[in-house]
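Understanding the architecture of this molecule
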Amino acid sequence: MLVLGIETTCDETAAAIVERRDDGSGRIASNIVRSQDAEHAPYGGIVPEIAARAHVNVLDTLIARAMKDAGVNFASLQGVAAAAGPGLVGGVIVGLTTAKAIALVHNLPLLAINHLEAHALTARLTDNVKFPYLLLLVSGGHTQLLWIGDVGQYRRLGSTLDDALGEAFDKVAKLLGLGFPGGPLVSAQAAAGDATRFAFPRPMLGRDDLNFSFSGLKTAVRQTVQTNAPLDGPTIADIAASFEAAVAESVQDRVARAIAMLRDDEGRKGFSLVVAGGVAANEKLRAGLKTLAERLGVPFIVPPPALCTDNAATIAWAGAERLARGLVDDLGAAPRARWALDEKAVPLLGSGRLGAKA
Ligand code: KG4
Ligand code: ZN
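Residues numbered from 1 in each chain as written. Chains lettered and ligands numbered in written order. Predicted model: local features only at pLDDT ≥ 70, side-chain atom pairs only at ≥ 80, totals over all residues. Heavy atoms only, no water.

1. Thoughts on the packing of aromatic side chains
This is how it is decided: Any pair of Phe, Tyr and Trp rings, taking the six-membered ring for Trp, is counted once the centres come within 6.5 Å. Such a pair is stacked with planes under 30 degrees apart, edge-to-face with planes over 60 apart, and tilted for the rest. Three labels apply to residues, based on accessible area from a 1.4 Å probe with only protein chains included: buried if under 20% of the type maximum, exposed if over 50%, partly exposed otherwise in between. Only DSSP runs of H or I reaching four residues or more are called helices, and only runs of E reaching two or more are called strands; each is numbered from the N terminus.
In total, this model carries five aromatic pairs according to the counting rule given. Taking 5.8 Å as the distance between ring centres and 5 degrees as the angle between the ring planes, the aromatic pair formed by Phe-131 and Tyr-133 counts as stacked. Classification of Tyr-133 by relative accessible area gives buried; the value is 0%. On the numbers, 5.5 Å between centres and 75 degrees between planes, the contact of Trp-147 with Phe-271 is edge-to-face. One end of the pair, Trp-147, is in strand β7 (residues 143-150); the other, Phe-271, is in the loop between α8 (233-264) and β9 (272-276), and 124 residues separate them in sequence.

2. Concerning the coordination of the zinc ion (ligand 2)
Just so we agree on the cut-off: We call an atom a donor if it is N, O or S and sits within 2.8 Å of the metal, or 3.2 Å for Na, K and Ca. Water is not counted, so some sites may look partial.
Taken together, the protein ligands of the zinc ion (ligand 2) are His-115 (NE2), His-119 (NE2) and Asp-310 (OD), with distances of 2.1 to 2.2 Å. When the donors of the zinc ion (ligand 2) are listed by position in the chain, the intervening gaps give H-x3-H-x190-D. Residue His-115 and its partner His-119 are both found in helix α4 (residues 115-127); the two are separated by four residues, about one turn of the helix. The pair formed by His-115 and His-119 is uniform in burial state, with each residue classed as buried.

3. Observations regarding the confidence of the model for the protein chain
Convention followed: The quantity called pLDDT is the predictor's confidence in a given residue, expressed from 0 to 100. The contact definition used throughout considers only heavy atoms, calling two residues in contact when any of these lie within 4.5 Å.
The predicted model of the protein chain has a mean per-residue pLDDT of 94, with 96% of residues at 70 or higher. Below a pLDDT of 50 lies the segment residues 349-358, which in the model reaches 32 contacts outside its immediate sequence neighbourhood of four places, other chains included.

4. Observations concerning the pairing of strand β6 (residues 133-138)
Quick reminder of the rule: Here, a strand pair is defined by DSSP locating no fewer than two bridges between the strands.
Among the six residues in β6, six count as buried, and that is most of the element. Sheet topology places β6 next to β7; six bridges connect them, and they run antiparallel. Within β7, the position partnered with Leu-136 by the bridge is Leu-145. Hairpin connection, β6 to β7: the antiparallel pair is bridged by four residues.

5. Some details on the sheet that holds strand β1 (residues 2-7)
Basically, it comes down to this: To get an axis, fit a line to the C-alpha atoms, keeping to the stretch in contact for a helix; angles then go from 0 to 180 degrees between the N-to-C directions.
Spatially, the five strands line up as an open sheet ordered β3-β2-β1-β4-β5, and their pairing is mixed. Lying at the two open borders of the sheet, with one neighbouring strand each, are β3 (26-35) and β5 (110-114). Recorded for the sheet is a direction-independent mean angle of 20 degrees between the axes of neighbouring strands. Relative to β3, strand β2 (residues 12-20) is paired through nine bridges, and the arrangement is antiparallel. Residue pairing in the sheet places Glu-19 in a bridge with Arg-27 of β3. In the packing of α4 onto the sheet, contacts are made with β1, β2, β3, β4 (79-85) and β5, and the angle to β5 comes to roughly 95 degrees.

6. Let's talk about the pairing of β5
For the record, the criterion: Classification remark: right-handed applies to a crossover when, strands pointing away from the viewer, the course from the first strand over the helix to the second runs clockwise.
Along β5, five of the five residues are buried, which leaves the element largely enclosed by surrounding structure. Residues Leu-110, Ala-112 and Asn-114 of β5 are buried on one face, and the alternating residues Leu-111 and Ile-113, pointing to the opposite face, are buried as well. Chirality of the crossover, the property in question, places the unit of β4, helix α3 (residues 89-106) and β5 among those that are right-handed.

7. Notes on the site of ligand 1
Here is the rule we go by: Note on terminology: near, applied to a residue and a molecule or strand, indicates that one of the residue's heavy atoms is within 4 Å of it. We define a polar contact as two N or O atoms separated by no more than 3.5 Å, with the added condition that, inside protein, one atom must be a possible hydrogen donor and the other a possible acceptor, whereas residues neighbouring each other in sequence contribute only through side-chain atom pairs. We get accessible surface area from the Shrake-Rupley algorithm with a probe of 1.4 Å; when it comes to residues, only the shown protein chains can shield them.
Close contacts around ligand 1 come from 19 residues, with Gly-140, Asp-170, Gly-183, Gly-278 and Asn-282 the closest. Contacts to ligand 1 include Gly-166, whose backbone N or O atom sits 3.1 Å from an oxygen atom. One of the backbone nitrogen or oxygen atoms of Gly-278 is found 3.0 Å away from an oxygen atom of ligand 1. For ligand 1, whose unbound accessible area comes to 560 Å², protein coverage reaches 92%.

In structure tokens form, the structure reads like this:
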């Protein structure tokens, strides 16, 4: 089964062709991502109207290239998938309307995909991981622990009470004068820094629930920046490293708690730990969680960085997973600015936001 995927929810325009085989394994036939960083850089953040227009300008060319790279035409496709939210609604409309037009003209099933579901299912494309699994979803707009029972069966176990983790990285980057998007820049600085120089708080450490919080940590970074101003190179690196260490320890504590809770309270065994979303590209976080998972005897899967950040192969794959189960959408599917994965869970403060990238 071959599916075209389209991603336009934020500041990446992306198109990809993914194959799902009968045994449930996947293959990326093509995967093209065009970042809008240059368009937004003068504003220090994402301008929604500029994002939507940039998607319109390049999406058709990107789709044509993805088809060419994969050596397919519309007649060889079994479905067309687009991210229908959550995200900046102007951009979502561009991708979803394009997918609807293709579906209509070529008589293909439409898959209106939740962007978060695409992140959640990526490890099945890259590693063919079996259900169920514990998912740590960490992106610019979301920070959640989810129980993934099957396609469409998502239970939120915990969430951030304030900032998303990617958002915290982006804000710290701004405080350190590093630019945008901040995650990779903070982590590059951290590599050369001394993580023990500043004793930043480890938010939520030891708490019984499975929630996260990063705003206090961010405030601590701001105070340290002010106290040490003007910052020299080594101090920037030390603050970045100390911040990253605090984040890694806090996240590891939350994940360890989730694993213990699932095992003790719910008697669940035989699940893997999967990490997804843009911040899963962070090396320090990946390494810390890998060590933790090994210690606790839980299989650990994290997709390669290029499939953790926004792309269309993940959208196409989520489409293929749904199509294989007959979960198709009609052409009336609406673009959604907000769209929780676990729609039964009570929204917590800060959840379902558009995120720092917006
Ligand atoms: O999933 P994603 O590409 O977009 C959203 O859906 O939000 O995540 C983007 C976020 C940004 O906040 C970016 O700073 C962060 O992921 N990020 C990182 C790294 N690479 C991207 N954060 C920390 N370390 C990284 N290496
Ligand atoms: Zn994302």
